[in-house]
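These are the residues of each chain, in order.
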Amino acid sequence: MVKSALPVLTVVAVIIAIWYGFTVYLNAPREYDRSERAGATLTFSELVPLTMAQERPVLPAPHQVVAEIWDTTVNKKVTSKRSLVYHSWITLSATLLGFVIGTALGILLAVGIVHNRAMDKSVMPWVIASQTIPILAIAPMIIVTLNAVGLSGLLPKALISTYLSFFPVVVGMVKGLRSPDRSQLDLMHTWNASRSQVFWKLRWPSSMPFLFTSLKVAVAISLVGAIVGELPTGAVAGLGARLLAGSYYGQTIQIWSALFAAAALAAILVTIIGVAHRYVLARMGQTEAST
Amino acid sequence: MDTLTNATGTAAKQNSDETMTVISAKDLSLTFETNDGPVHALSNVDLEVQKGEFVSFIGPSGCGKTTFLRVIADLEKPTSGTITVNGVSPQEARMNRAYGYVFQAASLFPWRTVEKNISLPLEIMGYSAAEQKARVARVLELVDLGGFAKKYPWQLSGGMQQRASIARALAFDADILLMDEPFGALDEIVRDHLNEQLLKLWKRTTKTICFVTHSIPEAVYLSTKIVVMSPRPGRVTDVIPSTLPDERPLDIRETPEFLEIAHRVREGLRAGHSYED
């Protein structure tokens, strides 16, 4: 544990150092301008602290972002519109709803594709085609269309998450449900097993490693979908709204802290899936959990 | 029904005075259509297997020995000719659960323990939980895996896995055992041991066994009848009844009688091959 921590910390330290370097470099021109207008000259040691304390820096310093995150999570009530926790929850709820619908849809499609030749031929090309359309193009249309039929709020955003997250589940589960050996399938045939017995006793358990690998991708992509879905809603609430508002008003510190919140959320979600994966594999007698 | 319960040790041949035909193939042919043209996997095969026999099918790859076993098991459909298993079509026989099938790979389900693997066919066939338990214990004892019920397949050696898969095929009361090179992937020593065990098991259970192999000593050691096959087209070239006694210690393989039968098998295999050279 300690041994593996050292290289990780070293990498983090290097990244932070580079970040500080760029903070100084990118924010310096404005400080030079300002001092020139004031008729003074800046030495380097005077310049550095100034570049890290700007209100709207081109690139905020790491400690500014940390301070902002601290301020908007710990110091604000979670119900406040200025709380990052509040916005994260808005995004998270859409992410989870979209993820659940997407996973269910993905599994259903995969089951259909594996069991029905016509579906195999007809559905798969559409599934793949659906992912070639940029989500940025289709997201506003989904939001607007659903708004027109009276649906707004959580569900339209969740559907954008669904649109993205069902894909890895379909692809993974089709492969997973087809993963049993010929001889395992032949055995079931010799025992005169019904289709549903073949499914529940062979195909479904065989597909578990594939399912969880897909779910990890799906949950991360669901979060992206929810954030993208928040952009055209007029920036009411959520991490996407936070990003949009930040960019309108040049609040770079706010943008960066929202980005970090999104990244942290994704990391937590993927970790939860990983834990569930290991738990299920352990229940199935496979101790060596693949990550 | 001859079940595992009357495991009295009497040789199967002796207690079935009325010879009953279990498998009967007449003029059986099977042709696979491939991109390189038709492949004649089986061509005009005539064969009868009597109740309680231990029949080995031997021949080079492509001779149709596995295909024949798969036809018996209703895993392949013959192109022409007739075949009956227990007097009915292979499909009906399969639905009556007339046979257990053992593949070259143990094909155990990795997420199930040994006992759960063995009870899988019983679950599918709708046996009660108590009946499943009793049967699993009985067949585990039969293949000497009594202490390994709770182990997962990956915790077992290759030979033990194959024994578990044989136990699975024995768990329901099928009176035919179809074995497709079950010991092909195992080393010589394990193989000898399993051959000896299989013979004992066959005598105790009085089952009819069809056994595919490409090892001449294995075929001669185990069988009451050896079917020699040759490829292109897959056909039966010789059927050799064994004159070896029922009691077969491993060192019977050094007796002149054994070597004579082995010689005849080898001759048969060579005859089937000669046209190629």
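The structure reproduced in this document is the subject of the present report. The structure presented is a predicted model; accordingly, all values stated were derived computationally and were not measured.

Looking now at the interface of chain B and chain A. Across the boundary between the two partners, chain B contributes 18 residues, which contact 16 residues of chain A. Secondary-structure elements contributing two or more residues to the side of chain B that touches chain A are α3 (90–95) and α4 (114–125) of chain B. At 4 residues, α4(B) tops the list of elements feeding residues into the side of chain B that touches chain A. Its residues assigned to classes, the side of chain B that touches chain A shows 14 nonpolar, 2 polar and 2 charged.

The axes of two packed helices give the description: the angle between them and the distance between them. Residues and elements named next belong to chain A. Contact pair helix α9 (residues 195–230) / helix α11 (residues 252–283): the axes reach a minimum separation of 10 Å and the direction vectors enclose 165 degrees. As judged from the angle between their axes, α9 and α11 are roughly antiparallel. Crossing angle aside, the handedness with which α9 passes α11 is right-handed. Here M208, F212, L215, K216, V219, A220, L223 and I227 of α9 lie close against α11, whose contacting residues are A262, L265, A266, L269, V270, I273, G274, H277 and V280. Residues belonging to the contact of α9 with α11 are distributed by class as follows: 14 nonpolar, 2 polar and 1 charged.

This part is about helix α2 (residues 65–72) of chain B. In an α-helix, one turn spans 3.6 residues; hence positions three or four apart end up facing the same way. Residues and elements named next belong to chain B. For α2, the tally of buried residues reaches 8 of 8 residues, placing the bulk of the element in the interior. Listed as buried for α2 are K65, T66, T67, F68, L69, R70, V71 and I72. Where α2 terminates, the next one or two residues include D74, which has phi positive at roughly 65 degrees.

Right, let's talk about the nonpolar core for a bit. With 82 residues, the main nonpolar core has B:A167, B:L178 and B:C210 as its most contacted residues. With 6 residues, the top contributor of residues to this core is helix α6 (residues 158–170) of chain B.

This next bit is on unusual backbone geometry. Along the chain, B:R232 connects to B:P233 via a cis peptide bond; the corresponding omega equals -10 degrees. Of note in the backbone geometry, A:N192 takes a positive phi value of approximately 60 degrees without being a glycine. Looking at where A:N192 falls in the secondary structure, it is placed in the loop between α8 (182–190) and α9. Note on A:N192: 16 C-beta atoms within 10 Å, which makes it partly exposed. Notably, B:N86 is not glycine yet its phi reads approximately 55 degrees, a positive angle. Following the sequence through the fold, B:N86 ends up in the loop between β4 (80–85) and α3. When the 20 C-beta atoms within 10 Å are taken as the criterion, B:N86 is described as buried.

Scoring rules and cut-offs
- Residues numbered from 1 in each chain as written.
- Chains lettered and ligands numbered in written order.
- Predicted model: local features only at pLDDT ≥ 70, side-chain atom pairs only at ≥ 80, totals over all residues.
- Contact = placed C-beta atoms within 7 Å.
- Helix = DSSP H or I, 4+ residues; strand = E, 2+ residues; numbered from the N terminus.
- Nonpolar A, V, L, I, M, F, W, Y, C, P; charged D, E, K, R; others polar.
- Axes fitted to C-alpha atoms, helices over the stretch in contact; angles between N-to-C directions.
- Parallel < 35°, antiparallel > 145°, perpendicular 65-115°, else oblique.
- Left-handed = near helix turned anticlockwise from the far one by under 90°.
- Buried ≥ 20, exposed ≤ 12 C-beta atoms within 10 Å, placed from the backbone.
- Core = buried A, V, L, I, M, F, W, Y, C linked by C-beta atoms within 7 Å.

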